[in-house]
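Structure assessment
For reference, the chains in residue letters:
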Amino acid sequence: IGRYNKKLNSPFENVEFEYTGYLDNLDNEINKSDAMISVSNYPVGTRTRILSSLSYGLPCIAHISSGLGLHKLKHGEHILFCNDPTSFVECVENLMNIKGLPERIGKKSRDLWLKQYNPLINVDRILRIVNC
């Protein structure tokens, strides 16, 4: 989901990437998803796709570099962080095989989003900090 210039093909026969392009509303795609994956390795900025998954209570697997912009996220509690292909596979297997893990991470991620990342709360807080 999103704007992109380069489409990738999976090197594995049993994995297929579906590119939807930009969507005004993510509800349908997110509600039919089991997890969100954001494994880009570049340590700058806040990953809005991760925040979107948190807001929906959708478990997310992300590259550890994402944690630099989202410092409240804890691996295994709100998100699953990976740093290489092996740890990515471990995260996927954990979501598939540890009973209740997707639900626990989804609930914790939604709770954290409501407390720390919800713009209805944070925008006013940020404006007060910068005296606007």
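Residues numbered from 1 in each chain as written. Predicted model: local features only at pLDDT ≥ 70, side-chain atom pairs only at ≥ 80, totals over all residues. Heavy atoms only, no water.

1. Concerning the side chain of N118
Rule in force here: Note on conventions: DSSP H or I runs of at least 4 residues are helices, E runs of at least 2 residues are strands, and numbering of each starts at the N terminus. Pairs of N or O atoms within 3.5 Å make up the polar contacts considered here, provided that, within protein, one atom can donate a hydrogen while the other can accept it, and that residues adjacent in sequence are counted only when both atoms are side-chain atoms.
Considering the arrangement of structural elements, one finds N118 in the loop between α4 (101–117) and α5 (119–129). In terms of polar contacts, N118 uses its side chain to reach the backbone amide nitrogen of L120, at 2.9 Å.

2. A look at the sheet that holds strand β1 (residues 36–38)
Hydrogen bonds along the backbone pair up the strands of a sheet, which may run parallel or antiparallel. The condition that has to hold: Whether two strands pair comes down to DSSP finding at least two bridges between them. For every element, the axis is a line fit to its C-alpha atoms; helices are fit only across the contacting stretch, and the angle between N-to-C directions ranges from 0 to 180 degrees.
One open sheet holds the three strands; their spatial order is β1-β2-β3, and the pairing between them is parallel. For this open sheet the edge positions go to β1 and β3 (80–82), each flanked by a neighbour on one side alone. Taking each pair of neighbouring strands and ignoring which way they run, the sheet shows an average axis angle of 15°. With three bridges joining them, strand β2 (residues 60–63) and β3 adopt parallel strand pairing.

3. Some words on the environment of N9
Tracing the backbone shows N9 in the segment before α1 (27–31). Separated by 57 residues in sequence, N9 and S66 place their C-alpha atoms 23 Å apart.

4. Examining helix α2 (residues 48–56)
Stated formally: The buried label goes to any residue with under 20% of its type's maximum accessible area, the exposed label to any with over 50%, and the partly exposed label to all in between, with areas taken from a 1.4 Å probe on protein chains only. The criterion used for residue contact is that any of the two residues' heavy atoms lie within 4.5 Å.
Those residues of α2 lying buried are I50, L51, S53, L54 and S55. Buried residues belonging to α2 abut β1, β2 and α4. In the segment just after α2, G57 is the residue with positive phi, at about 70°.

5. Some points on the state of the cysteines
The line we're drawing: Cysteine sulfur atoms are paired as a disulfide whenever they fall within 2.5 Å.
According to the stated counting rule, one finds zero disulfides in the structure shown. Free cysteine C60: the closest other cysteine sulfur is in C82, separated by 9.3 Å. With a relative accessible area of 1%, C60 lands in the buried category. Summary of cysteine pairing: C91 is not part of a disulfide, and the nearest cysteine sulfur, belonging to C82, is at 5.3 Å.

6. Re the pairing of β2
Look at any regular strand and the pattern is simple: side chains alternate between the two faces of the sheet. Here β2 shows a buried face lined by C60 and A62 and a second buried face lined by I61 and H63. Relative to β2, β1 runs parallel, the two sharing three bridges. Bridge pairing links M36 to C60 in β2.

7. Overview of the packing of α4 against α5
Under the convention used in this document: Angles below 35 degrees are treated as roughly parallel, those above 145 as roughly antiparallel, those between 65 and 115 as roughly perpendicular, and all remaining angles as oblique. Residues are sorted three ways: Asp, Glu, Lys and Arg are charged, Ala, Val, Leu, Ile, Met, Phe, Trp, Tyr, Cys and Pro are nonpolar, and all the rest, Gly among them, are polar.
Where α4 meets α5, the axes come as close as 7 Å, and the angle between the chain directions of the two elements is 25°. One element, α4, and the other, α5, form an angle in the roughly parallel class. Every residue of α5 that contacts α4 at W113, L114, K115, Q116 and Y117 is listed here: P119, I121, N122 and R125. For the contact of α4 with α5, the class distribution of residues is five nonpolar, two polar and two charged.

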